[in-house]
Amino acid sequence: MPHDLEPLIAPLLTLARRAGAAIIEVYRQPLDVMRKADESPLTIADLRSHQLIVTGLAELTPELPILSEESGDVPYATRASWQCYWLVDPLDGTKEFLKRNDEFTVNIALIDNHAPVLGVVYVPAKAAIYWGGAGVGAFRQTQGHAVESIHVRTHASSPLRVVGSRSHGSDELTKALPRLGPHEFVAVGSSLKFCSIAAGQADVYPRFGPTSEWDTAAAQAVVEGAGGAVLDQEGQPLRYNTKDSLLNPRFVAFGDASRDWVRSLFQA
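This text gives an overview of the structure that appears in the document. (Residues numbered from 1 in each chain as written. Predicted model: local features only at pLDDT ≥ 70, side-chain atom pairs only at ≥ 80, totals over all residues. Heavy atoms only, no water.)

The next point concerns the packing of aromatic side chains. Going through the model one piece at a time under the given rule, you end up with 10 aromatic pairs. Lying across the ring of tyrosine 27, arginine 100 places its NZ or CZ 5.6 Å from the centre. Across the ring face of tryptophan 261, the terminal group of arginine 259 is positioned such that the distance to the ring centre comes to 4.4 Å. (Phe/Tyr/Trp six-rings, centres within 6.5 Å; stacked < 30°, edge-to-face > 60°. Lys NZ or Arg CZ within 6 Å of the ring centre and 35° of its normal.)

Structure follows, in structure tokens:
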């Protein structure tokens, strides 16, 4: 894989927007909901977005494998040999999509050596797009506006602004939040929680409940490009494709590196 990621960015932005347009087309119609084997919801929008993205990525980088939520049954024996690959969530926040609250995204990440090096997060209902990576920086473009560079808050606000899941709360989170001190909690759907950290609109996103690797990779790249971090419960950067399971451990995303978020949340 070339070290220069810049040539990939424009095609990825176009691809994410195309997938988002396909999702919005379905969003405006009566919804037909199916169920996956684990009983999670699946719509024709997920499938159309998946097909568009997989086809587009195969044309862009035919040499790289692709792992999508809608094709996530690739055995680890196969995945273990992947040094560099695409990790995709064609529609992150299906529950938000079904609630019609506009808080769903398209997530496309490039993983290299178990780390997300480039990520694109598109918000179809708002025509907003975020992208970035640790060696790329982080950027946002909203409809009708120029591209802007985004950065995390390097000094946390007081009270803290904490973002968390709109549809997947947990007792562990409820018990942990007081340890952070004075704060306000804002419920947000999908990978928009990460984007709010990257854009300096929130201070910390702690996650106790289960997430899959395709839920976090693209947005982690954006947070890291914006100067923030996403650390697991041991204080290590969230890593990808290291085991049979595609479930993430507990983690926290943040901007202010002067605070020991991991200790406060997971080790107190």
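Our next topic: the environment of threonine 55. Its place among the elements puts threonine 55 in helix 2 (residues 44–60). The exposure class of threonine 55 is partly exposed, given its relative accessible area of 37%. Residues threonine 55 and aspartate 32 lie 23 residues apart in sequence; the distance between their C-alpha atoms is 24 Å. (Helix = DSSP H or I, 4+ residues; strand = E, 2+ residues; numbered from the N terminus. Buried < 20%, exposed > 50% of the residue type's maximum accessible area, 1.4 Å probe, protein only.)

Another aspect to go through is the sheet that holds strand 7 (residues 128–133). Taken together, 7 strands build an open sheet; the order of strands is 3-4-5-6-7-8-9 and the sheet is mixed. Strands with a single pairing partner mark the edges of an open sheet, and in this sheet they are strand 3 (66–68) and strand 9 (148–149). Sheet topology note: the strand 4 (residues 84–92)/strand 5 (residues 105–112) ladder contains 7 bridges and is antiparallel. Opposite valine 88, over in strand 5, you have isoleucine 108 as the bridge partner. Relative to strand 4, helix 2 is tilted by about 155°, and along the sheet it contacts strand 3, strand 4 and strand 5. With respect to the sheet, helix 7 (residues 213–225) is in contact with strand 3, strand 4, strand 5, strand 6 (115–123), strand 7 and strand 8 (137–141), its orientation differing from that of strand 6 by roughly 100°. (Pairing = 2+ DSSP bridges. Contact = heavy atoms within 4.5 Å. Axes fitted to C-alpha atoms, helices over the stretch in contact; angles between N-to-C directions.)

Attention shifts here to the packing of helix 1 (residues 6–27) against helix 2. Between helix 1 and helix 2, whose axes approach to 8 Å, the crossing angle comes to 160°. The angle between helix 1 and helix 2 places the two elements in the roughly antiparallel class. In terms of crossing hand, the pair formed by helix 1 and helix 2 is right-handed. In this structure, helix 1 uses Leu8, Pro11, Leu12, Leu15, Arg18, Ala19, Ala22, Ile23, Glu25 and Val26 to contact helix 2, whose residues at the interface are Ile44, Ala45, Arg48, Ser49, Leu52, Ile53, Gly56, Leu57 and Leu60. (Parallel < 35°, antiparallel > 145°, perpendicular 65-115°, else oblique. Left-handed = near helix turned anticlockwise from the far one by under 90°.)

The next thing to look at is the pairing of strand 14 (residues 251–254). Because side chains alternate across strand 14, one face comprises the buried residues Phe251 and Ala253, and the other comprises Val252 and Phe254, equally buried. With 4 bridges joining them, strand 12 (residues 204–207) and strand 14 adopt antiparallel strand pairing. Pairing of arginine 207 across the sheet is with phenylalanine 251, part of strand 14.

Turning to the environment of isoleucine 53, a few remarks are in order. Within the element layout of this structure, isoleucine 53 appears in helix 2. A relative accessible area of 0% means that isoleucine 53 is categorised as buried. Taking the C-alpha atoms as reference, isoleucine 53 lies 9.1 Å from serine 68; in sequence the two are 15 residues apart. Among residues more than four places away in sequence, those in contact with isoleucine 53 are Leu15, Ala19, Val88, Pro90, Val106 and Ile108.

Among the nonpolar cores identified, the biggest contains 38 residues, and Leu87, Tyr130 and Phe194 are the most heavily contacted of them. Secondary-structure elements contributing two or more residues to this core are strand 4, strand 5, strand 6, strand 7, strand 11 (183–188), helix 6 (192–198), helix 7 and strand 14. Ranked by residues supplied to this core, first place goes to helix 7 with 6 residues. Apart from residues lying up to four places away in sequence, leucine 87 is in contact with Leu67, Asn107, Ile108, Ala109, Ile111, Glu213, Trp214, Ala217 and Tyr240. By size, the runner-up hydrophobic cluster in this structure holds 31 residues, among which are Leu5, Leu13, Ile53 and Trp86. (Core = buried A, V, L, I, M, F, W, Y, C linked by side-chain atoms within 4.5 Å.)

Attention now moves to the layout of surface pockets. Volume-wise, the second largest pocket comes out at about 190 Å³. Taken together, Glu103, Val123, Lys126, Ala128, Tyr130, Arg140, Thr142, Val188, Leu192, Cys195, Ser196 and Gln201 make up the full set of residues lining the second largest pocket. For the lining of the second largest pocket, the secondary-structure elements that each account for two or more residues are strand 7 and helix 6. Per-element tally for the lining of the second largest pocket: the top contributor is helix 6, with 3 residues. Of the residues that constitute the lining of the second largest pocket, the class distribution is 6 nonpolar, 3 polar and 3 charged. (1 Å grid on protein atoms, 1.4 Å probe; cavity = no way out; pocket = protein on both sides within 12 Å on 5 of 7 lines; lining within 4 Å. Points joined across faces, edges and corners; volume = space filled by probe spheres on them. Nonpolar A, V, L, I, M, F, W, Y, C, P; charged D, E, K, R; others polar.)

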